[in-house]
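Per-entry structural report
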Amino acid sequence: MLIGAILLHPTFTKIVTTAKESGHGVSFFSIPLTLTSYSSTVIPVILAVWFMSYVERFAIKISSKTVKFFLVPMITTLITANVTLLILGPIGAVIGNWLGDFFKWLENFGPWVVPTIVGATFPLMVTTGTHYGLVSIGINNRMTIGYDTIAQPGALASNVAQGGAALAIALKTKDTNKKTLASSAGITAICGITEPALYGVTLQNKAALIGSIVAGGVGGFFLGILGARNFAGGSPGILTIAAYIGEDTLKYFYTAIAGLVISVVVSFIVTFILYKED
């Protein structure tokens, strides 16, 4: 958090903006500073924190126990901040632009590939935390090319698909407790928060997991083939569907709504057919 705050500090941002407008360079300890704005970037701070992990170990080794409380964070911050501003930040910005160009190429090559895979596997990714890597890529894409077609469309299809699966179980089960849990978790998942549905329903029932995977893949394919673009992020669900409004058109917004409905309906039908009461 501290390194992120340093990269976004108003004084640093003002220095970069003023230097760009005047056409003059900026030096830091007589070393030319790359004029890069880090607002909405992801890769620079990831590189910085990776580097910080090694600096902190070094600081712990050389610090006496009596002064370690304040000396370790001071050494870690001073070294990491300087290296980040001079080296890692600019490198991260370049990598971010490369990633943006790659995913733009991938979108032109086969726009349905990634949303389909993400839509089908997103529940499994959430359970392992690996979905945060996609979130970072999505943020980077919105910063570099203006929209995201990698993380959000597939995640939208997957989230609401889990909602459809939970609602199917809520309708079919005769267990009062299960019906209450599944109905509330289903509504929450369609709104964009899947943890109650994922851990309370989807992973507990094979039918719900199969329904979510199938519907997530179908919905992701639909959103990908029609090129749905997300412009603002947010937890994928019906409450953030307006994030698909952009570029002076409602085309992507209508596409997202259609994909949402398809995912919920397919998941509901598949789960309802497969589900058997214990």
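Residues numbered from 1 in each chain as written. Predicted model: local features only at pLDDT ≥ 70, side-chain atom pairs only at ≥ 80, totals over all residues. Heavy atoms only, no water.

**Here we look at the packing of aromatic side chains**
As a reminder of what qualifies: What counts as a ring pair is set by centres within 6.5 Å for rings of Phe, Tyr and Trp (its six-membered ring), and what kind of pair is set by the plane angle: stacked under 30 degrees, edge-to-face over 60, tilted for all other angles. Only DSSP runs of H or I with at least four residues qualify as helices, and only runs of E with at least two residues qualify as strands; both kinds are numbered from the N terminus onward. Using a 1.4 Å probe on the protein chains alone, a residue whose accessible area is under 20% of its type maximum counts as buried, one over 50% counts as exposed, and one in between counts as partly exposed. Note on geometry: a ring has a charge over it if NZ (lysine) or CZ (arginine) is within 6 Å of the ring centre and within 35 degrees of the ring normal.
For the coordinates displayed, the defined rule picks out seven aromatic pairs. Centre to centre, the rings of F12 and Y38 are 6.1 Å apart; their planes meet at 15°, and the pair counts as stacked. Taken as a pair, F12 in helix α2 (residues 10-22) and Y38 in the loop between β2 (31-33) and α3 (43-62) lie far apart in primary sequence, 26 residues in all. Per residue, the accessibility class of F12 equals that of Y38, and both read buried. One aromatic cluster in this structure is built from Y147, F231 and Y252. The residue whose ring lies beneath K172 is F272, and the NZ or CZ to ring-centre distance is 5.0 Å.

**As for the side chain of N230**
Definition in use: Counted as a polar contact is a pair of N or O atoms within 3.5 Å, where, for protein atoms, one must be capable of donating a hydrogen and the other of accepting one, and residues adjacent in sequence contribute only when both atoms are in side chains.
Mapping N230 onto the fold places it in the loop between α10 (206-225) and α11 (251-274). Looking at N230, the relative accessible area reads 0%, which means it is buried. Polar contacts involving the side chain of N230 include one to the main-chain amide nitrogen of A232, which spans 3.3 Å.

**Quick look at the nonpolar core**
To keep it simple, the criterion reads: Only buried residues count toward a nonpolar core, which is a set of Ala, Val, Leu, Ile, Met, Phe, Trp, Tyr and Cys residues joined through side-chain atoms within 4.5 Å. Whether two residues are in contact is decided by their heavy atoms: any pair within 4.5 Å suffices.
Counting residues in hydrophobic clusters, the biggest one holds 16 residues, and the most contacted among them are L156, I241, Y244 and L260. Only α7 (152-172) and α11 provide two or more residues apiece to this core. Considering each element in turn, this core owes the most residues, five residues, to α11. Leave out the neighbours within four places in its chain, and Y244 touches Q152, P153, L156, A228, R229, N230, F231, Y252, F253 and A256.

**A word on α11**
For clarity, the threshold we go by: Residue count minus one, scaled by 1.5 Å, sets the expected span of a helix.
For α11, which comprises 24 residues, the first-to-last C-alpha distance of 35 Å matches the rise-based estimate of 34 Å (1.5 Å per residue) to within 8%. Of all the residues in α11, the buried ones are Y252, F253, T255, A256, G259, L260, S263, V264, S267, V270 and T271.

**A short note on the packing of helix α5 (residues 113-128) against α10**
Two quantities define a packed helix pair, namely the angle between the axes and the distance from one axis to the other. Convention followed: To obtain an axis, a line is fitted to C-alpha atoms, over the contacting stretch when the element is a helix, and the angle between two such axes runs from 0 to 180 degrees between their N-to-C directions. Each angle receives one of four descriptions, namely roughly parallel if under 35 degrees, roughly antiparallel if over 145, roughly perpendicular if within 65 to 115, and oblique otherwise. By definition, any crossing whose near helix is turned counterclockwise from its far helix by less than a right angle is left-handed, and any crossing with a clockwise turn is right-handed. Under the scheme applied here, ten amino acids are nonpolar (Ala, Val, Leu, Ile, Met, Phe, Trp, Tyr, Cys and Pro), four are charged (Asp, Glu, Lys and Arg), and all others, including Gly, are polar.
Where α5 meets α10, the closest approach of the two axes is 7 Å, and the angle between their N-to-C directions is 160°. With respect to α10, the axis of α5 lies roughly antiparallel. In the crossing of α5 with α10, the sense of the turn from one axis to the other is right-handed. Residues P115, T116, G119 and A120 of α5 pack against S212, I213, G216, G217, G220, F221 and G224 of α10. The residue inventory of the contact of α5 with α10, partitioned by class, reads four nonpolar, seven polar and no charged.

**Description of the pattern of salt bridges**
Close approach of charged atoms lets side chains of opposite charge pair. Using the following cut-off: Any carboxyl oxygen of Asp or Glu that lies within 4 Å of a side-chain nitrogen of Lys or Arg is treated as forming a salt bridge with it.
Per the stated rule, a full pass over the model turns up two salt bridges. For the salt bridge of R142 with D148, the shortest nitrogen-to-oxygen distance reads 3.9 Å. Judged on exposure class, the residue R142 and its partner D148 are both buried. With a shortest N-O distance of 3.1 Å, R229 and E247 are connected by a salt bridge. You can see R229 sitting in the loop between α10 and α11 and its partner E247 sitting in the loop between α10 and α11, a full 18 residues away along the chain.

**Quick notes on the environment of G192**
Examined against the element boundaries, G192 turns out to sit in the loop between α8 (176-191) and α9 (195-200). Along the primary structure G192 and I225 are separated by 33 residues, whereas in three dimensions their C-alpha atoms are 22 Å apart. Apart from residues lying up to four places away in sequence, G192 is in contact with N159, S235, P236 and G237.

**Considerations on a nonpolar patch on the surface**
Cut-off, in case you're wondering: Patch membership is restricted to residues that have no salt bridge and whose relative accessible area is over 30%. Joining uses 9 Å for like charges and 5 Å for the nonpolar side chains Val, Leu, Ile, Met, Phe, Trp and Tyr. Areas reported here follow the Shrake-Rupley algorithm with a probe of radius 1.4 Å; residue values treat only the protein chains shown as occluding.
On the surface, I210, V214, V218, I245, L250, Y254, I257, V261, V265, I269, I273 and L274 cluster together into a nonpolar patch covering about 970 Å² of accessible area. Sorting the residues of the nonpolar patch by element identifies α10 and α11 as the ones contributing at least two each. Top element by residues in the nonpolar patch is α11. It accounts for seven residues. Along the chain, V265 falls in helix α11. For V265, a relative accessible area of 41% gives the class partly exposed.

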